[in-house]
Amino acid sequence: MCLRSVPEHARFQPTAGNPDQSGIRVLDHSEPVVLADESVIAGLDYWRKLPIKQQPSWPDADAVRAASDELASLPPLVFAGEVDQLRSRLAEAAQGEAFLLQGGDCAETFAGATAEQIRNRVKTVLQMAVVLTYGASVPVIKMGRMAGQFAKPRSSDTETRGGVTLPAYRGDIVNGFDFTPESRAADPGRLVKGYHTAVSTLNLIRAFTQGGFADLRQVHSWNRGFAQNPANQRYEGLAAEIDRAIKFMIACGADFDELKRVEFYSSHEGLLMDYERPMTRIDSRTGTPYDTSAHFIWIGERTRQLDGAHVDFFSRLRNPLGVKLGPTTSVDDMLRLIDKLDPDREPGRLTFITRMGAGKIRDALPPLLEAIKDADATPLWVTDPMHGNGLTTPTGYKTRRFDDVVDEVKGFFEAHRAVGTHPGGIHVELTGDDVTECLGGSEQIDESTLASRYESLCDPRLNHMQSLELAFLVAEELGGHRG
């Protein structure tokens, strides 16, 4: 399988520059190449004519153009065959035959792309997947908010502190977090740095998940270095049960080579068009476009306008797509999103990620689920119990209550049970480190504790132990639903 990218003679135009369309060339390959239809290529730039939100104000259009041209010349981060495989896995989840676990940082940072932090995030997702798989007897699709979650939408273009107003921090791929004019200036060179940071992250993820680290027979070793608490002890008990089952199967002569490796997919919000467009390539097998920056891309609540640039651009890609749905989403909005993003009604193509809030999900979600039963479509339904439950403490810390996160998850399963649809996954912001960013959990983190290890630059994340606690809850809910 090969992919084709933007040619040197058809320079990529940044969002702040000339709206002319760019072309796509064919790289030299020995195997037959399927050429893309010219209308397909032209359509990839139609978004430039549409309203667009949440883009930075680049100070130098030529520098953006140079960075995007460089991105277009670099190898893809993921391959079309992997993307197709994920789409088939998500189709199974949409039918109730699998479950999606999607987790990772709120906003990745360049400094945080260390071997230890990447390993801990992967480890946490794998541990949660073990709990879900064993506790609910269901295959779990493992997906990280990793290797590309560098851009963040903001509620305001600027931030003011002490009478000084500067551009808002839009993620490391755009500008820096430090509150100085130099740091907050949008820097196109960060686009390329984001690519290279994603490369190193994916290299480690693939090494960890394919090189033996993810071997199910090593579930006990994954806990080394973490403090003991009730969630960890409960996990150890589950690991002991898995050990006994594996030893029994070995005694029966079973081949466990497949336990040494796992499928692990990358995802991020497709927000920054000066990154996503040059990372889009034409698959030589089919002549269709894939965004090779990640296996799975989602459109946020702030950028899902039906007549907007993001929905138009991503509707033209073969990647499986997600869309965030908040509590004000109407049935008409949902149905029109389906028509735009999944016109062929292809299972695995479209995922709805609901972010309703614990106090609203039981009222807001059921009407959407009822409507989907009459709409000849099979989207995958995933809950994001984080983004609808934010609050700010009197001391200024953005946080979430673990109990609210748990309550929204329960509301998600209750709604699906009542309507008779499939609860297909969970999408959480988490870290593998022992941070103190969300209130509650078995560690009983309170407001006075938040400052001890509050490390997120954007939104609060569940720490390792809270993530495990949540996995046990989801396993119980999912097992009950399937039973």
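For the structure, see preceding data.
Participant: How do you make sense of unusual backbone geometry when you look at a structure like this?
Facilitator: Residues apart from glycine generally show negative phi values, whereas peptide bonds are mostly found in trans. The phi dihedral of Ala147 is positive, around 65 degrees, even though this residue is not glycine. Turning to its location among the elements, Ala147 is positioned in the loop between β3 (140-145) and β4 (158-161). Despite not being glycine, Asp376 shows a phi value in the positive range, around 25 degrees. Tracing the backbone through its elements, the reader meets Asp376 in the loop between α11 (361-372) and β12 (380-383). Asp376 gets classed as exposed once you look at its relative accessible area, which sits at 61%.

Participant: Sorry, what's going on with the packing of aromatic side chains here?
Facilitator: Aromatic ring pairs: the centre-centre distance and the angle between the two ring planes describe each pair. One pass over the structure, following the stated rule, counts 8 aromatic pairs. With a centroid separation of 6.4 Å and 75 degrees between ring planes, the pair formed by Trp47 and Phe313 is classed as edge-to-face. Residue Trp47 is located in the loop between α1 (38-43) and α2 (61-73), and its partner Phe313 is located in helix α9 (residues 309-315); the two are separated by 266 residues in the primary sequence. Owing to a relative accessible area of 3%, Trp47 belongs among the buried residues under this scheme. Where Tyr169 meets Phe177, the ring centres are 5.4 Å apart and the plane angle is 85 degrees; that geometry is what we call edge-to-face. The class of Tyr169 is buried, set by a relative accessible area of 3%.

Participant: How should the layout of surface pockets be read in this particular structure?
Facilitator: A probe as big as a water molecule, rolled over the atoms, marks out the empty space that is left. For the largest pocket, the calculated volume is near 840 Å³. Taken together, 37 residues form the lining of the largest pocket, with Pro153, Arg154, Lys398, Cys458 and Asp459 sitting closest to its centre. Where the lining of the largest pocket is concerned, the elements lending two or more residues are β4, β13 (390-392) and β14 (398-400). Along the lines of polarity and charge, the residues of the lining of the largest pocket split into 11 nonpolar, 11 polar and 15 charged. Approximately 570 Å³ is the volume attributed to the second largest pocket. Along its surface, the second largest pocket is lined by 25 residues, and Thr133, Val140, Lys142, Leu216 and Val262 are the ones closest to its centre. Elements represented by at least two residues in the lining of the second largest pocket include exactly α3 (80-94), α4 (115-136), β3 and α7 (230-251). Looking at which element gives the most residues to the lining of the second largest pocket, the answer is α4, with 5 residues. Split into classes, the residues belonging to the lining of the second largest pocket amount to 18 nonpolar, 1 polar and 6 charged.

Participant: Is there a simple way to explain helix α13 (residues 464-482) in this structure?
Facilitator: Two residues of an α-helix separated by three or four positions point the same way, owing to the 3.6 residues in each turn. Taking 1.5 Å as the rise per residue, α13 with 19 residues should run 27 Å; its terminal C-alpha atoms sit 27 Å apart, in good agreement. With respect to burial, α13 is a largely interior element, 14 of its 19 residues being buried. At the N-terminal end of α13, a side-chain oxygen is found 3.2 Å from the backbone nitrogen of Met465, two or three residues along, and the residue is Asn463.

Participant: Even after reading the chapter, I still don't get the packing of α2 against helix α6 (residues 189-210), so can you show me in this structure?
Facilitator: For any two helices packed against each other, the geometry comes down to the angle between their axes and how far apart the axes lie. α6 packs onto α2 with a crossing angle of 25 degrees between their chain directions and a minimal axis gap of 8 Å. One element, α2, and the other, α6, form an angle in the roughly parallel class. Contacts between α2 and α6 involve Ala67, Ser68, Glu70 and Leu71 from the first element and Leu191, Val192 and Tyr195 from the second. In the contact of α2 with α6, the residues fall into 5 nonpolar, 1 polar and 1 charged.

Participant: Please explain the pairing of strand β5 (residues 164-167) as it appears in this structure.
Facilitator: A regular strand carries its side chains on alternate faces of the sheet. Bridge analysis of β4 against β5 gives 4 bridges, and the strand direction is antiparallel. Following the sheet pairing, Thr160 is matched in β5 by Thr165.

Participant: Explain the packing of α7 against α13 to me, please; I cannot follow it from the model alone.
Facilitator: Direction vectors running N to C along α7 and α13 enclose 55 degrees, while the axes themselves pass 9 Å from each other. On the basis of their axis angle, the class for α7 and α13 is oblique. Judged by the twist between their axes, the crossing of α7 over α13 is left-handed. Counted together, Ala231, Asn232, Arg234, Tyr235 and Leu238 of α7 and Met465, Leu468, Glu469, Phe472 and Glu476 of α13 form the full contact between these two elements. Of the residues assigned to the contact of α7 with α13, the class counts are 6 nonpolar, 1 polar and 3 charged.

Participant: Would you take a moment to explain the sheet that holds β3 for this structure?
Facilitator: Paired through their backbone hydrogen bonds, the strands of a sheet run either parallel or antiparallel. Taken together, the 8 strands give a closed barrel; going around it, the order is β2-β3-β6-β9-β10-β11-β12-β15, and neighbouring strands pair in parallel fashion. Between one strand axis and the next, the sheet turns by 25 degrees as a mean value, whatever way the strands run. Sheet topology note: the β3/strand β6 (residues 265-269) ladder contains 2 bridges and is parallel. Looking across to β6, one finds that Met143 is bridged to Tyr265. This element, helix α10 (residues 331-341), spans β9 (296-299), β10 (321-325), β11 (350-354) and β12 of the sheet and lies at about 150 degrees to β11. The strands that α11 touches are β10, β11 and β12; relative to β12, the one it contacts most, it runs at about 170 degrees.

Participant: What exactly am I supposed to notice about the side chain of Asp215 here?
Facilitator: With respect to the element layout, Asp215 can be found in the loop between α6 and α7. Judged by its relative accessible area of 7%, Asp215 is buried. Among all residues touching Asp215, those that are not within four sequence positions of it are Trp222, Leu259 and Lys260.

Participant: Quick question: what am I supposed to make of the pattern of salt bridges here?
Facilitator: Note that side chains of opposite charge can pair when their charged atoms are close. Under the criterion given, the structure shown has 33 salt bridges. The closest approach of N and O atoms between Arg362 and Glu414, which form a salt bridge, is 2.8 Å. Of the two residues, Arg362 is situated in helix α11 and Glu414 in helix α12 (residues 402-419); the sequence distance between them amounts to 52 residues. Among the residues examined, Glu414 registers a relative accessible area of 34% and is labelled partly exposed. Overlapping salt bridges, with partners in common, bring together Asp84, Arg87, Asp283, Arg285, Arg318 and Glu346 in one network.

Participant: Would you mind showing me how to read the pairing of strand β7 (residues 280-283) here?
Facilitator: In terms of strand pairing, β7 meets strand β8 (residues 289-291) through 3 bridges, oriented antiparallel. By the bridge assignment, Thr280 is partnered in β8 with Asp291. Where β7 hands over to β8, the hairpin turn is made up of 5 residues, of which Gly287 adopts a positive phi near 75 degrees.

Participant: Help me out: how do you make sense of α6 in this one?
Facilitator: For α6, spanning 22 residues, the distance from its first C-alpha to its last is 32 Å, which sits close to the expected 32 Å at 1.5 Å a residue. Along α6, the residues classified as buried are Leu191, Val192, Gly194, Tyr195, Thr197, Ala198, Thr201, Leu202, Ile205, Phe208 and Thr209. Looking at the buried positions of α6, the neighbouring elements they touch are α2, α4, β6 and α8 (273-276). Just downstream of α6 lies Gly212, where phi reads positive at about 110 degrees.

Rules used in this analysis
- Residues numbered from 1 in each chain as written.
- Predicted model: local features only at pLDDT ≥ 70, side-chain atom pairs only at ≥ 80, totals over all residues.
- Heavy atoms only, no water.
- Helix = DSSP H or I, 4+ residues; strand = E, 2+ residues; numbered from the N terminus.
- Buried < 20%, exposed > 50% of the residue type's maximum accessible area, 1.4 Å probe, protein only.
- Phe/Tyr/Trp six-rings, centres within 6.5 Å; stacked < 30°, edge-to-face > 60°.
- 1 Å grid on protein atoms, 1.4 Å probe; cavity = no way out; pocket = protein on both sides within 12 Å on 5 of 7 lines; lining within 4 Å.
- Points joined across faces, edges and corners; volume = space filled by probe spheres on them.
- Nonpolar A, V, L, I, M, F, W, Y, C, P; charged D, E, K, R; others polar.
- Expected span 1.5 Å × (residues − 1).
- Polar contact = N/O pair within 3.5 Å; in protein donor to acceptor, adjacent residues only side chain to side chain.
- Axes fitted to C-alpha atoms, helices over the stretch in contact; angles between N-to-C directions.
- Parallel < 35°, antiparallel > 145°, perpendicular 65-115°, else oblique.
- Contact = heavy atoms within 4.5 Å.
- Pairing = 2+ DSSP bridges.
- Left-handed = near helix turned anticlockwise from the far one by under 90°.
- Salt bridge = Lys/Arg side-chain N within 4 Å of Asp/Glu carboxyl O.

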